[in-house]
Amino acid sequence: AQSVTQPDIHITVSEGASLELRCNYSYGATPYLFWYVQSPGQGLQLLLKYFSGDTLVQGIKGFEAEFKRSQSSFNLRKPSVHWSDAAEYFCAVGALTGANNLFFGTGTRLTVIP
Amino acid sequence: KAGVTQTPRYLIKTRGQQVTLSCSPISGHRSVSWYQQTPGQGLQFLFEYFSETQRNKGNFPGRFSGRQFSNSRSEMNVSTLELGDSALYLCASSLASRTSGLALEQYFGPGTRLTVT
């Protein structure tokens, strides 16, 4: 069965510091991986995706993520966090075989200290 | 290109009532999925519609239903509301083809916040 684990419920970083949000997935087929961000009271915005090819993918707002098949991980990174990055971040996994829906992690809430 | 729109944005209902939520996908997107988001359960998949047919369904009771129209707009209905149905209901649209990961690349609307009292 598909599953996604985001081990960090809440992370606090100082503005300008680097950021890494962890995501581990479990899926037998070729995974399609996504990171979404959700600001309070808003829907989810797609930050980046991994389908195949280069394991380091670039997204919007200066975010990047690295797919590591051996570790079943897809961690999100940003070299310098801005106060506007404070939000909740969700990792999701899907596959073209079987159900055409995404399985989401429980999310990581990011607080940015000025 | 306009994004996914959902109406209404906020809704308050009482137990036992029914509710209908509406979703208009991005132009050209033929697949519409619905998710329920709660603090306790997180994001859970409800169902997906494509070409007016339910293509996939999550693990929710039959009180939750949906439909899709020929213009790809979708509605979801919850009958006999319970307090536990209070949640943010998110609609997402995607390209329908299952031949590429684009089928899974979902774009979300702002959601409908349903409060059941």
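Structure first, text after, so check above.
Caption draft 1: Just the overall build of chain A, in detail. Along chain A, the regular secondary structure elements total zero helices and twelve strands. When the helices and strands of chain A are read in sequence order from the N terminus, they spell out β-β-β-β-β-β-β-β-β-β-β-β. Against the compact-globule benchmark of 13 Å for 114 residues, chain A has a radius of gyration of 14 Å, which places it among compact chains. Projected onto the principal axes, the alpha-carbon positions of chain A cover approximately 45 × 30 × 20 Å. Across the 114 residues that make up chain A, the buried fraction comes to 48%. Considering only intrachain contacts with a sequence separation of at least 6, the fraction spanning at least 24 residues in chain A is 54%. Summed over its atoms, the accessible surface of chain A is roughly 5,200 Å², and 51% of this surface lies on carbon and sulfur atoms. In chain A, which carries 8 positive and 8 negative side-chain charges, the distance between the mean positions of the two groups comes to 4 Å.

Caption draft 2: Molecular detail of the state of the cysteines. All names here are of chain B. Counted according to the given criterion, the structure contains two disulfides over all chains. The partner cysteine of Cys-23 in its disulfide is Cys-91, sulfur to sulfur 1.7 Å. Between Cys-23 and Cys-91 the sulfur-sulfur dihedral comes to about -55°; the bridge is accordingly left-handed. Linking Cys-23 in strand β3 (residues 19-24) with Cys-91 in strand β9 (residues 87-94), this pair joins segments that are 68 residues apart in sequence. Take Cys-91: its relative accessible area is 0%, and that puts it in the buried class.

Caption draft 3: Structural view of the side chain of B:Ser33. All names here are of chain B. Tracing the sequence through the fold places Ser-33 in strand β4 (residues 31-38). Here Ser-33 falls in the buried class, since its relative accessible area comes to 1%. Once you skip the residues sitting within four places of it in the chain, Ser-33 turns out to touch Phe-45, Phe-47, Glu-48, Leu-90, Cys-91, Ala-92 and Gln-106.

Caption draft 4: Structural view of the packing of aromatic side chains. The full count for this structure, using the stated rule, is 15 aromatic pairs over all chains. Here the aromatic rings of A:Phe104 and B:Tyr35 are separated by 5.6 Å at their centres, their planes lie at 90°, and the arrangement is edge-to-face. Placement of the pair is A:Phe104 in strand β11 (residues 103-104) and B:Tyr35 in strand β4, with the two residues belonging to separate chains. The residues A:Phe104 and B:Tyr35 share a single accessibility class, namely buried. Ring geometry for B:Phe60 against B:Phe64: centres 5.2 Å apart, planes inclined by 65°, an arrangement best described as edge-to-face. Across the pair, exposure class does not vary: B:Phe60 and B:Phe64 are buried alike.

Caption draft 5: Representation of the sheet that holds strand β1 (residues 5-7) of chain B within the structure. Residue and element names in this part refer to chain B. Strand order in the open sheet formed by four strands is β1-β3-β8-β7, with antiparallel pairing between adjacent strands. Where the open sheet ends on each side, the last strands, each with one partner, are β1 and β7 (64-68). Each strand axis lies, on average, 20° off the axis of its neighbour in the sheet, ignoring direction.

Caption draft 6: Region of interest: the side chain of B:Glu105. Structurally, the position occupied by B:Glu105 is in the loop between β9 and β10 (107-108). Here A:Lys49 takes part through its side chain, which lies 2.6 Å from a polar atom of the side chain of B:Glu105. Side chain to side chain, B:Glu105 and B:Tyr107 meet in a polar contact 2.3 Å long. Setting aside anything within four residues of it in sequence, one finds B:Glu105 in contact with A:Phe34, A:Tyr36, A:Leu46, A:Lys49, A:Phe51, B:Ser93 and B:Ser94.

Caption draft 7: Local environment of unusual backbone geometry. Residue and element names in this part refer to chain B. The omega angle of the peptide bond from Thr-7 to Pro-8 is -10°, so this bond is cis rather than trans. Here Pro-8 shows up in the loop between β1 and β2 (10-13). Despite not being glycine, Ser-51 shows a phi value in the positive range, around 50°. The topology assignment puts Ser-51 in the loop between β5 (42-50) and β6 (53-57). For Ser-51, a relative accessible area of 38% corresponds to the partly exposed category.

Caption draft 8: Layout of the pattern of salt bridges. All names here are of chain A. Tallying each qualifying case throughout the model produces eleven salt bridges over all chains. Close ionic contact of Asp-8 with Arg-22 constitutes a salt bridge, the shortest N to O distance being 2.9 Å. Of the two residues, Asp-8 sits in the loop between β1 (3-5) and β2 (10-14) while Arg-22 sits in the loop between β3 (19-21) and β4 (24-26), which places them 14 residues apart along the sequence. Arg-22 sits in the partly exposed class, given a relative accessible area of 38%.

Rules used in this analysis
Residues numbered from 1 in each chain as written. Chains lettered and ligands numbered in written order. Predicted model: local features only at pLDDT ≥ 70, side-chain atom pairs only at ≥ 80, totals over all residues. Heavy atoms only, no water. Helix = DSSP H or I, 4+ residues; strand = E, 2+ residues; numbered from the N terminus. Rg over C-alpha atoms; globule rule 2.2 N^0.38 Å. Buried < 20%, exposed > 50% of the residue type's maximum accessible area, 1.4 Å probe, protein only. Contact = heavy atoms within 4.5 Å. Areas by Shrake-Rupley, 256 points an atom, 1.4 Å probe, with all protein chains shown as cover. Lys, Arg positive; Asp, Glu negative; His and termini not counted. Charge placed at Lys NZ, Arg CZ, Asp CG, Glu CD. Disulfide = S-S within 2.5 Å. Phe/Tyr/Trp six-rings, centres within 6.5 Å; stacked < 30°, edge-to-face > 60°. Pairing = 2+ DSSP bridges. Axes fitted to C-alpha atoms, helices over the stretch in contact; angles between N-to-C directions. Polar contact = N/O pair within 3.5 Å; in protein donor to acceptor, adjacent residues only side chain to side chain. Salt bridge = Lys/Arg side-chain N within 4 Å of Asp/Glu carboxyl O.

Worth remembering: the numbers are spatial, not functional.
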